[in-house]
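Commentary on secondary and tertiary structure
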Amino acid sequence: MKLAKLPDRTPVKMGVVLTPSLAQRLREYAVFYEETYGNKEEVAELIPFMLEAFLDGDVAFKKGKKKVDGTISSSSD
């Protein structure tokens, strides 16, 4: 089969505590998103995508993760 087994897609709910200023900035971002795309989205719907984009764009994190993943896989061989 060409298609690999699909990953676990069960949502994981996490609670976070935000500073009032960050909460306000997130609300402002949601307004900016609506102005840009014409679709209103709740902050809670945007946050997972914002975090994923942040992590995908963090070069140092990618390098560190690759190093750790490489170490783990080579030590278990």
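Residues numbered from 1 in each chain as written. Predicted model: local features only at pLDDT ≥ 70, side-chain atom pairs only at ≥ 80, totals over all residues. Heavy atoms only, no water.

Observations regarding the overall build of the protein
Spelled out, the test is: Runs of H or I in DSSP of at least four residues are treated as helices and runs of E of at least two as strands, each being numbered from the N terminus. C-alpha atoms define the radius of gyration, and 2.2 Å times the number of residues to the power 0.38 defines the globule rule. Categorising residues by exposure relies on relative accessible area from a 1.4 Å probe, with only protein chains included: less than 20% of the type maximum marks a residue as buried, more than 50% marks it as exposed, and the intermediate range marks it as partly exposed. Computed by Shrake-Rupley with a 1.4 Å probe, the accessible areas treat only the displayed protein chains as cover when residues are assessed. Here Asp and Glu are counted as negative and Lys and Arg as positive; His is not counted, and neither are the chain ends. All charge positions are set by atom: Lys at NZ, Arg at CZ, Asp at CG, Glu at CD.
Counting its regular elements, the protein contains 3 helices and 0 strands. For the protein, the C-alpha radius of gyration of 18 Å lies well beyond 11 Å, the compact-globule estimate for 77 residues. Overall, the C-alpha framework of the protein stretches about 50 × 35 × 25 Å when taken along its three principal axes. By the burial criterion, 5% of the 77 residues in the protein qualify as buried. Looking at the protein as shown, the accessible area adds up to about 7,500 Å², and 62% of this sits on carbon and sulfur atoms. Distance from the positive charge centre (12 side chains) to the negative charge centre (12 side chains) of the protein: 7 Å.

Re helix H1 (residues 20–37)
Spelled out, the test is: An expected span of 1.5 Å times one less than the residue number is assigned to each helix. The contact criterion used is simple: two residues touch if any of their non-hydrogen atoms lie within 4.5 Å.
Over its 18 residues, H1 runs 26 Å from end to end, which matches the ideal 26 Å to within 8%, given 1.5 Å per residue. Those residues of H1 that are buried are in contact with helix H2 (43–57). Looking one or two places after H1, you find Gly 38, whose phi comes out positive at around 80°.

Description of the packing of aromatic side chains
Selection rule: Here a Phe, Tyr or Trp ring, Trp counted by its six-membered ring, pairs with any other such ring whose centre lies within 6.5 Å, and the pair is stacked when the planes are under 30 degrees apart, edge-to-face when over 60, and tilted otherwise.
Inspection of the entire model under this criterion finds 2 aromatic pairs. Measuring from centroid to centroid gives 4.8 Å for Tyr 33 and Tyr 37, while their planes differ by 50°, and the two rings are tilted. Taken together, the residues Tyr 33 and Tyr 37, both in helix H1 and 4 residues apart, mark about one turn of the helix. For Tyr 33, a relative accessible area of 23% translates into the label partly exposed.

With respect to a nonpolar patch on the surface
Stated precisely, the cut-off is as follows: In this scheme, patches are assembled from residues that exceed 30% relative accessible area and form no salt bridge. Like charges are connected within 9 Å, while nonpolar side chains (Val, Leu, Ile, Met, Phe, Trp, Tyr) are connected within 5 Å. Between Lys or Arg on one side and Asp or Glu on the other, a salt bridge is scored when a side-chain nitrogen of the former is within 4 Å of a carboxyl oxygen of the latter.
Taken together, the side chains of Met 1, Leu 3 and Leu 6 make up a nonpolar region of the molecular surface, amounting to roughly 420 Å² of accessible area. Mapping Met 1 onto the fold places it in the segment before H1.

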